[in-house]
Each structure stands twice: as C-alpha cells, then as structure tokens.
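Structural features, examined
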Amino acid sequence: MQALVLEKKGVLNLREIDLQQVVGPDDVRIAIHTVGVCGSDVHYYTHGAIGPFVLHEPMVLGHEAAGTIVETGSNVRGLALGDRVCMEPGIPDMSSRASKLGIYNVDPSVRFWATPPIHGVLTPFVVHPAAFTYRLPEAVSFAEGAMVEPFAIGMQAAARARIAPGDVAAVIGCGPIGIMVALAALAGGCSRVFISDFSVEKLAIAGRYPGIVPVNIAGQSFAEVLARETDGWGADIVFEASGSAKAYRGIFDLVRPGGAMVMVGLPVEPVELDVPGAISKEVRIETVFRYANIFDRALALIASGKVDLKPLITGTFDFADSIQAFERAAAAHPSDVKLQILMGSGAV
Ligand SMILES: [Zn+2]
C-alpha cells in the first residue's frame, strides 16, 4: 500500500510499504479521508526522535485522522459500513492495570500511531479497534474529525484543571496545542483566557475567538498583564503549553494563591521548577499526557457549535503532495496553525 514513510531523520518517501491489515473480530477497517500534520510527526522528520522514542526503521507518519468505515469485524456493533469516523491513535492493552483504572493514556504498553516502531496512518486504509473509533456527528466534517486528536489534549488539560465557572485562565504558548487548551478552557467554563506568545501572527489567530485575550510578551511581562487584569490576584489556572524550559521561570507569579498550574507542553529536557514559589501559594500542579475518555466529549462539543476548530485549519494538501506538506510544516510559518492532508479515498 502507498504510504508516507519516514525512512530516517530528514528523509521522507511516498512509496509502497507492506502493512499488516488483518481485520480482527473487534476491529474496523477505515478508508482514511483526512490526516492532520502534527508537531510530533514533524519532529520525527526533523530530529528522528522524541525523548526515548527513536526511529530505528522506516515508519509511516500521521496520527490525527478521520475516514469512512469500509469493513467491520464480526463482534462489532454500533459502527457500520459507511460511517464517518475519527480514531483515537493509541491502542492500550485493555487488560493492563492502567486500562482497568481508566487511565489507558499512561498504559506503558500503549501502541500509539507514528511513535516508533508503530506505523501511523498516512496511507489509504487502516485497521483499528472499534472501541477507539468514534462516529462523527452529522455536523462534524472530516477536517474537524481529524482535529479531534489535538483538541482532545486541550480537553484533557481543561479536565485536569478542574475549572470552576468564571475562572480566569492563562495559557503560555500560542501554538496549536495552546490554542486548543484555550478553547477547551473557555468551553469548560472560564470567563477569560489570556494566551501569551512572541508571535504576532499566532496571537492574531487566537485573538479572533471571543474570550481569548492575546498577550504579546515581546514587550511586556505576562505576570504584569495578568496582575493588572485580575486586581493583583493572578490567574486561577495557568496552563503551560509551550514546552519551553524558560516558561517555567517565574511561572508561579502568574497563578493566584491556591490556584492551579497545568503542565501540557512536553519539554525535551528536565526543567528547573521554583518549588518554594509553588508551596508558598499552595499551587496545585497537574500534568497532561495525551487523553483518556475524551474523544466522545470533544465530538459533542464540536457538534454543539460551542467550539469551532475550522479557522485553525490553515492549509490543505493532497496525499501526492504530502512531502511538501511536511516541508511546509517544518518551515514553521507563524501564520500556519494546522496543515492537513487529504487522502482522496474517503468514499473508498
Ligand atoms: Zn497530534
């Protein structure tokens, strides 16, 4: 089958590859329609590794996908041929201790698309467990369906934050995940979400959403802006979504006493943390790793119209041009949020 294969760091090929695609009794086979290009895919392309996950052999990229069911296993109920769906890219071991606890996102044996050595889905067909395949509501397009995966991270962050209605949130980093976090925080009950970055273009995109207040930290301090806007009290919740070690310097100046700090961005190295700063305000610290039990809620929110992800899709490429899509993503244009690739086989 044709697939976008990352041969090794910096080398992509659109070529034939032999992929195991046996439909088990609990599986479905999906004709892929749309695949989002994710920062992690791009990082494997440019660096060949993310932390402990190192590319040792060719791997198909892509994990943010939507498509159409073309085959169902004998045990599958609830999903039928022709259903438009999106998929959760991690397949946990359902008998693992983590899965039994409902925290399958941290199951050590999870098999996650496009995380070495597991192949991703930039290929016309994929076989996936029905339990991790979600029917798209009629109002949700394939493009939006392929946005559910990154949005689920924002939703997980909002859930971890335990937002109270009217909370003021601050998000550090206005990349795709920062924007997803801000949108999920608003949907979760925040009255205002301040989002910081150095990029004028990125902030302009986030600032188009009512309730999101962009703060350019090139010329001012985020802590000062938040203090001014909250009568010196601070944000109820601070989400770190940049993954930058520098973001942790002074981070507790942003949080109100008794507030929460939620770590979403994954730094590449260990980071220094101001423990006295956290303790003296009794800040609650939470971490976010992917998501669990979120996709159905994310789809419900998108279908309700409360969250509109469509403005974040800033470029679309044909499958035949997917190498260009990755080159474009690697160039990191500040006005690009999410690039997507159309497989062109959604209807089989
Ligand atoms: Zn992703």
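Calculation notes
- Residues numbered from 1 in each chain as written.
- Predicted model: local features only at pLDDT ≥ 70, side-chain atom pairs only at ≥ 80, totals over all residues.
- Pairing = 2+ DSSP bridges.
- Helix = DSSP H or I, 4+ residues; strand = E, 2+ residues; numbered from the N terminus.
- Axes fitted to C-alpha atoms, helices over the stretch in contact; angles between N-to-C directions.
- Contact = placed C-beta atoms within 7 Å.
- Core = buried A, V, L, I, M, F, W, Y, C linked by C-beta atoms within 7 Å.
- Buried ≥ 20, exposed ≤ 12 C-beta atoms within 10 Å, placed from the backbone.
- Domains from an automatic or database assignment.
- Arc of directions from axis to C-beta.
- Right-handed = clockwise from strand over helix to strand, strands pointing away.
- Nonpolar A, V, L, I, M, F, W, Y, C, P; charged D, E, K, R; others polar.

**Considering the sheet that holds strand β1 (residues 2–8)**
The strand order across the open sheet built from three strands is β2-β1-β6, with neighbouring strands paired in antiparallel fashion. This sheet does not close on itself; its edge strands, each paired only once, are β2 (11–16) and β6 (59–60). Inspection of the sheet shows β1 paired to β6 by two bridges, in the antiparallel sense. Note on β6: the bridge partner recorded for Leu 6 is Met 59.

**Let's talk about the sheet that holds strand β14 (residues 192–197)**
Taken together, six strands build an open sheet; the order of strands is β15-β14-β13-β16-β17-β18 and the sheet is parallel. Strands at the two margins of the open sheet, each flanked by one partner only, are β15 (212–216) and β18 (284–287). In this sheet, neighbouring strand axes are inclined to one another by 20° on average, regardless of whether the strands run parallel or antiparallel. Sheet topology places strand β17 (residues 255–263) next to β18; four bridges connect them, and they run parallel. Bridge assignment links Ala 260 to a residue of β18, and that residue is Arg 284. The strands touched by helix α4 (residues 148–161) are β16 (235–240), β17 and β18; relative to β17, the strand with the most contacts, the crossing angle is about 150°. Strand contacts of helix α6 (residues 200–207): β14 and β15, with the helix running at about 165° to β15, the strand carrying the most contacts.

**Points about the nonpolar core**
Generally speaking, soluble globular proteins have nonpolar side chains that are buried together. Counting 108 residues, the largest nonpolar core has Val 181, Ala 182 and Phe 239 as the members making the most contacts within it. When residues in this core are grouped by element, the largest group, ten residues, is from helix α5 (residues 176–187). Two domains each donate at least three residues to this core, and these are domain 1 (2–147 + 309–342) and domain 2 (151–287).

**As for α6**
Within α6, burial applies to Lys 202, Leu 203, Ile 205 and Ala 206. One side of α6 holds all its buried residues, which, seen down the axis, span an arc of 155°. Residues of α6 that are buried in the fold lie against α5, β14 and β15.

**Brief notes about the pairing of strand β13 (residues 168–172)**
Of all five residues in β13, five are buried, a share of seventy percent or more. In this structure, β13 lies alongside β14, joined through five bridges in parallel fashion. The residue bridging Val 171 from the neighbouring strand is Ile 195, located in β14. Each parallel crossover has a hand, and for β13 linked through α5 to β14 it is right-handed. Here β13 pairs with β16 via four bridges, running parallel. Within β16, the residue paired with Ile 172 across the bridge is Glu 240.

**A few points about the environment of Leu 79**
Considering the arrangement of structural elements, one finds Leu 79 in the loop between β7 (64–72) and β8 (84–87). Spatially, the C-alpha atoms of Leu 79 and Ala 131 are 9.7 Å apart, while their sequence positions differ by 52 residues. Those residues in contact with Leu 79 that sit more than four places away from it in its chain are Val 28, Ile 69, Thr 72, Val 85, Ala 130, Thr 133 and Arg 135.

**Remarks on the environment of Ser 322**
Position of Ser 322 among the secondary structure elements: in helix α10 (residues 322–331). Once the C-alpha coordinates of Ser 322 and Gln 340 are considered, the two residues, 18 residues apart in sequence, prove to be 9.0 Å apart. Discounting chain neighbours no more than four positions away, the residues touching Ser 322 are Leu 4, Leu 14, Leu 122, Phe 317 and Ile 341.

**Quick look at the environment of Met 87**
Among the secondary structure elements, Met 87 is positioned in strand β8. Using a count of 27 C-beta atoms within 10 Å as the deciding quantity, one classes Met 87 as buried. Along the backbone, Met 87 and Pro 129 are 42 residues apart, and their C-alpha atoms lie at a distance of 9.0 Å. Not counting chain neighbours up to four residues away, the residues in contact with Met 87 comprise Ile 30, Ala 65, His 128, Phe 132 and Thr 133.

**Focus: unusual backbone geometry**
Going from Pro 116 to Pro 117, the amide bond is cis rather than trans, its omega being 5°. Within the element layout of this structure, Pro 117 appears in the loop between β10 (111–112) and β11 (125–129). At Ala 114, a residue that is not glycine, the phi angle is positive and equals roughly 55°. For Ala 114, the location among the structural elements is in the loop between β10 and β11. The residue Arg 162 is not glycine, and still its phi comes out positive at about 50°. Along the chain, the position of Arg 162 falls in the loop between α4 and β13. Residue classification places Arg 162 among the partly exposed residues on the basis of 13 C-beta atoms within 10 Å.

**What about the domain arrangement of the protein chain?**
Domain annotation of the protein chain identifies domain 1 (2–147 + 309–342) and domain 2 (151–287). A straight line from the C-alpha centre of domain 1 to that of domain 2 covers 28 Å. The class makeup of the residues in the side of domain 1 that touches domain 2 is six nonpolar, two polar and one charged.

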